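# Results of the structural survey
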Amino acid sequence: MAKVKVGLPQGTRDFSAETVRKRNYIFITIRTVFELYGYQPLETPAMENLDTLMGKYGEEGDKLIFKILNNGLDRTEKHLKAKEDFEKVLEGKNVDGITERALRYDLTIPFARYVAMNHGQLTYPFKRYQIQPVWRADRPQKGRYREFYQCDADVVGSTSLLNEVELVSIYATAFEKLGVGVDIKINNRKILGALAELCGGADKMVDITVAIDKLDKIGIDKVKVELLERGLTEEQVSIIEQYLAIDGSNDQKRAKLAALIGHIEIGKKGIEELTYIYEFFNPESSIVNSETLDPTYVSLTIPDSRFTIDDSRFTIHAPLVFDFTLARGLNYYTGTILEVKARNVQMGSIGGGGRYDDLTGLFGVPNLPGVGVSFGVDRIYDVMEELKLFPEDVQVGTQVLFFNLGEAESRAAFGLMQQLRNKGIRSEIYPEAAKFDKQFKYADKKNIPYIIILGAQELEDGTCAVKDLKKGQQETVSQARLVNYPFKF
RNA sequence: GAGGUUGUAGCUCAGUUGGUUAGAGCGUCAGAUUGUGGUUCUGAAGGUCGUGGGUUCGAAACCCAUCAUCCUCCCCA
């Protein structure tokens, strides 16, 4: 038989049982937190019209959008048009005749498109969460895939900074539940705007932010060189140097920042917004306590001890870190910007978000402000794997295996198995009457804690043997009582 | 888009300055063992050495091309 070459598209992966279970653990944790904060689920198609996506992510972003070739280009009557259109594609243009759809690049723009399409029917403030894969034609490397999941929560129709407070709290809660140590970096585009104003005008803002965003990677000297190359004067660069030299505790940073840009109107506003959010998370001013959480709701959704109220850690706190060099590439942000970085591990950001004043304006519905955050599940997975943070009980699959010891025996076993399944016990029967050795090894491999033996002797006696594989102990139980056997999983 | 790494059995990897028939561990299968697993022992199957060309008496090894992979930059989750 000829060996067929098989493979996956670059940057995509299969997920085996073990991986899927771990990922589900992350999904369910994040989803439960979203629901806990009153966000409603939404799903949108994998593909959007190309012009919905183009131009929303900057020039670089546009290049990374996966485009879908139109069907039917081979039809004879379309050849001439298709060839003309393809010439334009070769020039780097996007042409409807060749490609009019594309895979979604993130969840925020499809959400904005959805809100714009349905704005008459929605109740505002509209809070939605969305957990779906996105695709980017990036070159894969560590922590970077071409297909990956995002978990987004956004609220539109409200300018209140209370939304920011909630989203920061969502980050803090979810990462605490996952056991991932993080810093939630926070900044405000208005602060960056003030710096730009101080350095000769708002038109310099992009140049400045792109350069200072690289501070921790290339160092202050190279940033200065880059700024000069981008046409800033020595004097302006000197101001930026002072800005970048801001350090210390959050309070110290804020004081130094105020001294530098506090006299500028927009800068003052930015600092006020930052301060408002920050003070909610001051350890002295707890505003959320255990009484505000309803454990019954959560336990109805998933039984999960991590969400029971057992301590005072739900008093609000968050590892907020002021980072005035934080810029974030997406150009639609206008206010608060957030980025989550995992501690103790080398990995790009595992979450990001911010406030945008007018995202739906791009789709014809103006004056609808919003703010949102995103979790990068695949990177969170990599971080948790590296730091060994997944609980062991995530991997329990089948709980009971019935041995197959013959035709009549397996029929009896099957009936008992259905009883256990009706009780919610995950059970399976070995499909063939194989040797004991083989069936035991199967149970071992699948990490199944109990096996049940029902052979000729048991069939006659109306019993079965229940064996605990971890302890190596076995006891005989009447078939009628098996359904009430005290399994310990 | 730029730069680098690695491709040998199902998996992880050895393989001498280029030299007979390419190895190990793990896994798989069979047996020791026809109703009691994990251990042990014995045996077996399994390889176009990523692909295509070149150099050579001779290539898994050297050269070129190509594909795949992982990583770095850019940007991002």
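Look up a bit, the structure's there.
Residues numbered from 1 in each chain as written. Chains lettered and ligands numbered in written order. Predicted model: local features only at pLDDT ≥ 70, side-chain atom pairs only at ≥ 80, totals over all residues. Heavy atoms only, no water.

Another point: the nonpolar core. Ile26, Tyr243, Ile350 and Phe375 are the most contacted members of the largest nonpolar core, which totals 101 residues. In terms of residues, this core owes the most to one element, helix α6 (residues 162-178), which gives 9 residues. Not counting residues up to four positions away in its chain, the partners in contact with Tyr243 are Asn187, Ile191, Leu192, Leu195, Ile212, Leu257, Leu260 and Phe324. The next biggest cluster of nonpolar side chains, apart from the first, holds 17 residues, and it includes Phe402, Leu420, Val477 and Tyr485. (Core = buried A, V, L, I, M, F, W, Y, C linked by side-chain atoms within 4.5 Å. Buried < 20%, exposed > 50% of the residue type's maximum accessible area, 1.4 Å probe, protein only. Helix = DSSP H or I, 4+ residues; strand = E, 2+ residues; numbered from the N terminus. Contact = heavy atoms within 4.5 Å.)

What follows is about the environment of Phe390. Relative to the helices and strands, Phe390 resides in the loop between α14 (377-386) and β12 (400-402). Along the sequence, Phe390 and Gly179 sit 211 residues apart, while their C-alpha atoms lie 8.7 Å from each other. Those residues in contact with Phe390 that sit more than four places away from it in its chain are Lys22, Tyr25, Ile26, Tyr381, Met384 and Glu385.

Turning to the packing of helix α9 (residues 215-229) against helix α10 (residues 234-244), a few remarks are in order. The geometry of α9 relative to α10 is characterised by a closest axis approach of 9 Å and an angle of 160 degrees between their N-to-C directions. Classified by the angle between their axes, α9 and α10 sit roughly antiparallel to one another. As for the relative orientation of α9 and α10, their crossing is right-handed in sense. Only Glu234, Val237, Ile240, Glu241 and Leu244 of α10 make contact with α9, whose side of the interface consists of Leu215, Ile220, Val223, Lys224, Leu227 and Leu228. Split into classes, the residues belonging to the contact of α9 with α10 amount to 8 nonpolar, no polar and 3 charged. (Axes fitted to C-alpha atoms, helices over the stretch in contact; angles between N-to-C directions. Parallel < 35°, antiparallel > 145°, perpendicular 65-115°, else oblique. Left-handed = near helix turned anticlockwise from the far one by under 90°. Nonpolar A, V, L, I, M, F, W, Y, C, P; charged D, E, K, R; others polar.)

In spatial order, the strands read β2-β4-β3; together these 3 strands make up an open sheet with antiparallel pairing. The sheet is open, and its two edges are formed by β2 (47-49) and β3 (67-68), each paired on a single side. (Pairing = 2+ DSSP bridges.)

Below, the discussion takes up the sheet that holds strand β15 (residues 463-468). With respect to topology, 5 strands assemble into an open sheet ordered β13-β12-β14-β15-β16, the strand pairing being mixed. The open sheet has two free edges, formed respectively by β13 (427-429) and β16 (473-478), since each of these has just one partner strand. The average undirected angle you get between the axes of adjacent strands in this sheet is 25 degrees. Sheet topology places β12 next to β13; 3 bridges connect them, and they run parallel. Looking at the pairing, Phe402 lines up with Ile429 of β13. Each of β12, β13, β14 (450-453) and β15 touches helix α15 (residues 407-422); the most contacted strand, β13, lies at about 170 degrees to it.

With that out of the way, let us pick up the packing of helix α7 (residues 189-198) against helix α8 (residues 205-212). Interaxial distance between α7 and α8 falls to 9 Å at its minimum, and their mutual angle equals 110 degrees. One element, α7, and the other, α8, form an angle in the roughly perpendicular class. When you trace α7 past α8, the crossing you get is right-handed. Residues Arg189, Leu192, Gly193, Leu195 and Ala196 of α7 form the contact with α8, whose own contacting residues are Met205, Ile208, Thr209 and Ile212.

Mapped onto the secondary structure, Gln121 falls in the loop between α5 (108-118) and β5 (126-135). Exposure remark for Gln121: the relative accessible area of 62% places this residue in the exposed category. For the pair Gln121 and Lys441, spaced 320 residues apart in sequence, the C-alpha separation works out to 58 Å.

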